[in-house]
Amino acid sequence: RKEVEQDPGPFNVPEGATVAFNCTYSNSASQSFFWYRQDCRKEPKLLMSVYSSGNEDGRFTAQLNRASQYISLLIRDSKLSDSATYLCVTGGFQKLVFGTGTRLLVSP
Amino acid sequence: GAVVSQHPSWVICKSGTSVKIECRSLDFQATTMFWYRQFPKQSLMLMATSNEGSKATYEQGVEKDKFLINHASLTLSTLTVTSAHPEDSSFYICSARKAPTNNEQFFGPGTRLTVL
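Not measured: the values here are computed from a predicted model.

Caption draft 1: Just the state of the cysteines, in detail. For the structure shown, the criterion picks out 2 disulfides over all chains. Each disulfide pairs two cysteine sulfurs, and for C23 of chain A the partner residue is C88 of chain A, the sulfurs being separated by 1.9 Å. On the sign convention where negative is left-handed, the bridge of C23 of chain A and C88 of chain A, at about -65 degrees about the S-S bond, is left-handed. In this pair, C23 of chain A is assigned in strand 3 (residues 19–25) and C88 of chain A in strand 9 (residues 84–91), connecting sequence segments 65 residues apart. We classify C23 of chain A as buried; its relative accessible area is 0%. Note on C88 of chain A: relative accessible area 0%, which makes it buried. Shown here is the disulfide that connects C23 of chain B with C94 of chain B, its sulfur atoms set 2.0 Å apart. The disulfide joining C23 of chain B to C94 of chain B has a torsion of about 80 degrees about its S-S bond and is therefore right-handed. You can see C23 of chain B sitting in strand 3 (residues 19–25) and its partner C94 of chain B sitting in strand 9 (residues 90–97), a full 71 residues away along the chain.

Caption draft 2: Main features of the side chain of S32 of chain A. In this fold, S32 of chain A is placed in strand 4 (residues 32–38). Overall, the relative accessible area of 14% leaves S32 of chain A in the buried class. Among residues more than four places away in sequence, those in contact with S32 of chain A are V89, T90 and G91 of chain A together with N103 of chain B.

Caption draft 3: A look at the pattern of salt bridges. Residue and element names in this part refer to chain A. Taken as a whole, this structure holds 8 salt bridges over all chains when the rule is applied. Here D82 ties to R59 by a salt bridge, and the two come within 2.8 Å at their closest N and O atoms. A residue pair is termed long-range when its members are at least 10 positions apart, and D82 in the loop between strand 8 (70–75) and strand 9 and R59 in the loop between strand 6 (55–57) and strand 7 (60–65) qualify at 23 residues. On the basis of relative accessible area, R59 is assigned to the partly exposed category, the value being 22%.

Each value, and the rule that gives it
Residues numbered from 1 in each chain as written. Chains lettered and ligands numbered in written order. Predicted model: local features only at pLDDT ≥ 70, side-chain atom pairs only at ≥ 80, totals over all residues. Heavy atoms only, no water. Disulfide = S-S within 2.5 Å. Helix = DSSP H or I, 4+ residues; strand = E, 2+ residues; numbered from the N terminus. Buried < 20%, exposed > 50% of the residue type's maximum accessible area, 1.4 Å probe, protein only. Contact = heavy atoms within 4.5 Å. Salt bridge = Lys/Arg side-chain N within 4 Å of Asp/Glu carboxyl O.

Structural data, given as structure tokens:
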């Protein structure tokens, strides 16, 4: 079983739609949680950290459920530029563990 | 800021040759640098963790004699793929961490290696 599991997608949505991604992780000792965005053939870029209390950054909302070992990302009012692969990432003391990513395609 | 550069951005080499990839933190000192590899449609896989002035720690299944890592300064780490083979063709990405207590990593733009 992979340490971080995500639905690979793709999720095809029209502009303006709301879309949600989920991720589960198996290591209960994970201490930090992130969503990264990766465009095709590029390096991953940090989108946001994820906290148990939930956090919001503009159109993006992330949530962490430690009891269920579940992380979510909600994107409201999708833009064409949101098309990318979204990586769920957990971290321990030293290293990050990446999910395979969920691909999002936003169409006009 | 926290900018990490990698050089070269892409390289094509013949089977059996060695390739060196550089990773630099441009505007901060990185106590720790990480090397990842990503095959098409797969996740980033950590290869090794590199601390300045000490030997790198390799993940299980990564051959330390094939993937040589040198972290000689707080702003530079190098990965040398020795005797490269076509199966080593991949996207190699480095990242750097500013402080031991901060888990955030800043990623370089990656190096695409193609071994013929």
